[in-house]
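What follows is the residue order along each chain.
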Amino acid sequence: MCGRYAVTTDPAKLAAEIDAVNEVPPPEPPADLDANKDKQLTLDGASASDTKDSRPPFVNYNVAPTTTIMTVVSRHSHEHPDDDPTRRIRAMRWGLVPSWAKEIGKGSLFNARAESVGEKASFRGSVKSKRCLIPMDGWYEWKKVDVPGASKPTKVPYFMHPHDGTRLFMAGLWSVWRPKDADRDTPPLLSTTILTTDSVGPLRDIHDRMPLIMPVEDWDAWLTPDAAAPAELFNAPALALAEAITIKEVSPLVNRVSNNGPELLVPVD
């Protein structure tokens, strides 16, 4: 599965890297902004219901469900619908809200099983034309470890990231939701989910599920809004992709979403 991850770039930089249009609005400085102007803004990873900070994400070492996150989509222009679709960076709530839902809910749909996602009513519409990518530096997973004298296994956190320090892009789906009584001027809620698949290679030692990594050569086929995605793109990633992932044990500080800093990525000796 994928219930926590880290991302250390901002939407504008990401848009430049992948030739996309940045549609994420700039953040509004908090009222109590510290006098140190060089201090980088971060989100604390708390859920949307626990914080009034609605700034789009920048650097976040402990991204949790219901947080606003960056996504990559491909859409046609409203002004020129006949033009080719364009990659766009959009901010979305992590935890998909189906368009037909009566209310937002608690964000339990932050993951979806790739092998059966087309069979689920919550995701069926998104599979057809609302597929996206979720950029991240890496993701966290917890391995159950037996500890002598303990009555039950201990969950040890690990961080998985590419050997070469490049960015990962995970397959996702997204949706557009509006309250039933909303007027036309009410902006819709965009929300997303990350697809998961059976773990591959050495990643199986940590957990039996992993997020579905989407290699760059498959981005166009995955993102296009004009055709169904090839069935093979829902398969588990190639072994070579899994073997290019570094697996490192990290501090249990990551267990609390309120902890958010580079120390979360420091490997445990």
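Data block above holds the structure.
This section reports on the structure supplied with the text. Counting restarts for each chain, with residues numbered from 1 along the sequence as it is written. Since the coordinates come from a predicted model, pLDDT governs what is reported: local features require at least 70, and pairs of side-chain atoms require 80 or more to be given and counted, while whole-chain, interface and lining totals use all residues. Excluded from the side-chain calculations are hydrogens and water; all other atoms, namely the structure's heavy atoms, are used.

It is worth spelling out the overall build of the protein at this point. Counting from the N terminus, the helices are the DSSP runs of H or I reaching at least four residues and the strands are the DSSP runs of E reaching at least two. A count of helical and extended segments in the protein gives four helices and 13 strands. Contacts are assigned to residue pairs with any non-hydrogen atoms lying within 4.5 Å of each other. Taking the intrachain contacts of the protein between residues at least 6 apart in sequence as the baseline, contacts between residues at least 24 apart amount to 68%.

Here we take up the nonpolar core. Counting 55 residues, the largest nonpolar core has Y5, I89, M136, W139, L195 and W222 as its most contacted members. Among the elements that line this core, the one with the most residues is strand β10 (residues 168-177), at six residues. Each residue touching W222, except ones within four places of it in the same chain, is listed here: R131, C132, L133, A171, G172, L173, L195, M214, A229, L233 and F234. We call a set of buried Ala, Val, Leu, Ile, Met, Phe, Trp, Tyr and Cys residues a nonpolar core when their side-chain atoms join them within 4.5 Å. Only protein chains enter the accessibility calculation, which uses a 1.4 Å probe; a residue is then buried when its area is under 20% of its type maximum, exposed when over 50%, and partly exposed in between. Of all hydrophobic cores here, the second largest spans 10 residues; its members include V59, Y140, V250 and V254.

Three or more residues of helix α2 (residues 121-129) are buried, namely F123, S126 and V127. All buried residues of α2 fall inside an arc of 110° around its axis, so they share one side. Taken together, the buried residues of α2 touch β6 (111-113), β7 (131-136), β10 and β11 (189-198). Working definition: the arc comes from the directions between the helix axis and the C-beta atoms, pointing outward to the latter.

For the rest of this paragraph, the subject is the sheet that holds strand β9 (residues 154-162). DSSP bridges decide pairing: two strands pair if at least two such bridges lie between them. With antiparallel pairing, the five strands of this open sheet are ordered in space as β3-β1-β8-β9-β13. The outermost strands of the open sheet, each flanked by one partner alone, are β3 (60-63) and β13 (245-249). Each adjacent strand pair in this sheet contributes to an overall mean axis angle of 30°, direction not counted. Bridge analysis of strand β8 (residues 138-145) against β9 gives seven bridges, and the strand direction is antiparallel. Comment: axis = line fitted to C-alpha atoms, over the contacting stretch for helices; angle = value between 0 and 180 degrees taken between N-to-C directions.

One can find D137 in the loop between β7 and β8. Taking C-alpha positions, D137 is 6.2 Å from H161, a pair spaced 24 residues apart along the chain. Here a polar contact is recorded for every N or O atom pair within 3.5 Å, except that within protein the pair must consist of a potential hydrogen donor and a potential acceptor, and residues adjacent in sequence are included only if both atoms are side-chain atoms. Within the local environment of D137, its side chain forms a polar contact with the side chain of T8, the two groups lying 2.3 Å apart.

Below, the discussion takes up a negative patch on the surface. For patch building, the residue pool is restricted to those with more than 30% relative accessible area and no salt bridge; the joining distance is 9 Å between like charges and 5 Å between nonpolar side chains (Val, Leu, Ile, Met, Phe, Trp, Tyr). Per-residue and other accessible areas were derived by the Shrake-Rupley procedure at a 1.4 Å probe size, with only the shown protein chains allowed to occlude residues. Salt bridge, as applied in this entry: a Lys or Arg side-chain nitrogen positioned within 4 Å of an Asp or Glu carboxyl oxygen. All tallies of charge rest on Lys and Arg as positive and Asp and Glu as negative; His and the ends of each chain are not included. By convention, charge coordinates are those of NZ in Lys, CZ in Arg, CG in Asp, or CD in Glu. There is a patch of like negative charges on the surface, built from D82, D83, D84 and D226. With respect to the secondary-structure elements, D82 resides in the loop between β4 (68-75) and β5 (86-94). Judged by its relative accessible area of 77%, D82 is exposed.

With that settled, the discussion passes to the side chain of T197. Tracing the backbone shows T197 in strand β11. For T197, the contacting residues outside a window of four places in its chain are E115, D208, R209, M210, P211, L212, N235, A236 and P237.

Once that is clear, we can look at the pattern of salt bridges. In total, this model carries nine salt bridges according to the counting rule given. Salt-bridge contacts for R90 lead to E23; the nearest nitrogen and oxygen are separated by 2.7 Å. Of the two residues, R90 is situated in strand β5 and E23 in the loop between β2 (21-22) and β3; the sequence distance between them amounts to 67 residues. Given a relative accessible area of 16%, R90 falls into the buried group. The class for E23 is partly exposed, based on a relative accessible area of 32%. E115 is paired through a salt bridge with R113; the nearest N and O atoms lie 3.5 Å apart. Of the residues examined, E115 reaches a relative accessible area of 39% and is grouped as partly exposed. Taken together, the salt bridges that share partners define one network made up of R113, E115, D198 and R209.

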